[in-house]
Amino acid sequence: MELTKDWKGLLEEEMQQEYFQELQKFVEAEYEGKHPIYPKKDHVFHAFNSCALEDARVVILGQDPYHGPGQADGLCFSVPPGVNFPPSLRNILLELKEDVGNEIPFTGSLQEWANQGVLLLNATLTVRGGEAGSHQKQGWETFTDRVIALLSEEKSNLVFLLWGGYARKKVKLIDANKHLILESGHPSPLSANRGHWFGNRHFSKCNEYLIKHNKAPINW
């Protein structure tokens, strides 16, 4: 569970807090226990290590890692190549096709987004296999809230994509005068089928804002 140098510089003080030390002990014990824990231990900080702090220009917020075998890869909404698309991910890709014309890819991995500066951040970075939400309220949310607040403070002209009620509560951590906040319903079938997801055009709106502020758009 190591962070790259640039993120470590930003978050080192936070990671020395007592709550984070206790969180680390909890997570270590879980990985050593009899239950499978997702993602793999070396992918816990994969969202950070895939998206350099200097390059970060978009933040997408998820809630929990996938809790099925082989699904979680450390990036929110993403799955490793060859794994079937979870319903929320399929709806994200359907909206992307409708918005910017991208064909549905063969892989559900969003690694290419991360490589371009999209921080795919779950609020909780680990989960016990088959037990959704099992690592919530252990300290991860305190840590990831601090990440969002620090990004808001330290950077300018980021795009925050807040999908669903849980993510939208994070709006209070973000300075709307410095950043673009795009909110919509969650891409899950329940929300999408009620008309709260499709047609939000977040991908094109995001790129329009980045271009306007002299940043490279994301090749979604």
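Since the structure is predicted, the reported quantities are computational estimates derived from the model, not experimental observations. (Residues numbered from 1 in each chain as written. Predicted model: local features only at pLDDT ≥ 70, side-chain atom pairs only at ≥ 80, totals over all residues. Heavy atoms only, no water.)

J.: Outline the pattern of salt bridges, listing residues and values.
T.: Under the definition given, this model contains 11 salt bridges. Arg146 serves as the salt-bridge partner of Glu14, at 3.6 Å between the closest nitrogen and oxygen. Taken together, the positions of Glu14 in helix 1 (residues 5–15) and Arg146 in helix 6 (residues 140–154) put the pair 132 residues apart, joining distant regions of the chain. Looking at Glu14, the relative accessible area reads 13%, which means it is buried. One salt bridge connects Glu183 with Arg168, and the closest N-O pair in it is separated by 2.9 Å. Note that Glu183 is positioned in strand 6 (residues 180–184) and Arg168 in helix 7 (residues 165–168), a separation of 15 residues in sequence. When its relative accessible area of 35% is taken as the criterion, Arg168 is described as partly exposed. (Salt bridge = Lys/Arg side-chain N within 4 Å of Asp/Glu carboxyl O. Helix = DSSP H or I, 4+ residues; strand = E, 2+ residues; numbered from the N terminus. Buried < 20%, exposed > 50% of the residue type's maximum accessible area, 1.4 Å probe, protein only.)

J.: Please set out the packing of helix 2 (residues 18–32) against helix 6 residue by residue, giving values where relevant.
T.: Running from N to C, helix 2 and helix 6 point in directions that differ by 125°, and their axes come no closer than 9 Å. Classified by the angle their axes make, helix 2 and helix 6 are oblique. In the packing of helix 2 onto helix 6, the handedness of the crossing is left-handed. Between helix 2, through Tyr19, Phe20, Leu23 and Val27, and helix 6, the contact on the second element is made entirely by Trp140, Thr142 and Phe143. (Axes fitted to C-alpha atoms, helices over the stretch in contact; angles between N-to-C directions. Parallel < 35°, antiparallel > 145°, perpendicular 65-115°, else oblique. Left-handed = near helix turned anticlockwise from the far one by under 90°. Contact = heavy atoms within 4.5 Å.)

J.: An account of the packing of aromatic side chains is requested, with residue identities and associated values reported.
T.: In total, this model carries 15 aromatic pairs according to the counting rule given. Centre to centre, the rings of Phe45 and Trp140 are 6.1 Å apart; their planes meet at 80°, and the pair counts as edge-to-face. With Phe45 in the loop between strand 1 (37–38) and helix 3 (46–49) and Trp140 in helix 6, this pair connects stretches of sequence that are 95 residues apart. Here Phe45 matches Trp140 in class, with each residue buried. In textbook terms, an aromatic cluster arises when at least three aromatic residues are bridged by ring pairs, as seen for Trp7, Tyr19, Phe20, Phe45, Phe48, Trp140 and Phe143. (Phe/Tyr/Trp six-rings, centres within 6.5 Å; stacked < 30°, edge-to-face > 60°.)

J.: Which residues make up the environment of Gly62, and what values do they have?
T.: Inspection of the secondary structure puts Gly62 in strand 2 (residues 58–62). For Gly62, a relative accessible area of 13% gives the class buried. Separated by 123 residues in sequence, Gly62 and Gly185 place their C-alpha atoms 12 Å apart. Once residues lying within four places of it in the same chain are set aside, the contact partners of Gly62 are Cys76, Phe77, Leu121, Asn122 and Ala123.

J.: Go over helix 6, please, and point to the residues and values.
T.: Relative to the 21 Å expected for 15 residues at 1.5 Å per residue, helix 6 spans 21 Å between its end C-alpha atoms, a close match to the ideal helical length. Every buried residue of helix 6 is accounted for by Trp140, Glu141, Phe143, Thr144, Val147, Ile148, Ala149, Leu150, Leu151 and Ser152. (Expected span 1.5 Å × (residues − 1).)

J.: Describe the sheet that holds strand 2, naming the residues involved and giving the relevant values.
T.: One open sheet holds the 4 strands; their spatial order is 3-2-5-6, and the pairing between them is parallel. Edge positions in the sheet fall to strand 3 (118–122) and strand 6, since each of these pairs with one other strand and no more. Shown here is a sheet whose adjacent strand axes are inclined to one another by a mean of 20°, direction ignored. Inspection of the sheet shows strand 2 paired to strand 5 (residues 159–163) by 4 bridges, in the parallel sense. Its bridge partner being in strand 5, Val59 is matched across the sheet by Phe160. In this fold helix 9 (residues 202–212) packs onto strand 2, strand 5 and strand 6, with an angle of close to 175° to the strand it touches most, strand 6. (Pairing = 2+ DSSP bridges.)

J.: Give me the packing of helix 1 against helix 6: which residues, what numbers.
T.: At a minimum axis distance of 11 Å, the contact between helix 1 and helix 6 shows a crossing angle of 130°. With respect to their mutual orientation, helix 1 and helix 6 come out oblique. Considering how the two elements wind past one another, helix 1 and helix 6 form a crossing that is right-handed. Note on element contacts: helix 6 touches helix 1 through Thr142, Phe143, Arg146, Val147, Leu150, Leu151 and Glu154, opposite Trp7, Leu10, Leu11, Glu14 and Met15. Per-class residue counts for the contact of helix 1 with helix 6 are 8 nonpolar, 1 polar and 3 charged. (Nonpolar A, V, L, I, M, F, W, Y, C, P; charged D, E, K, R; others polar.)

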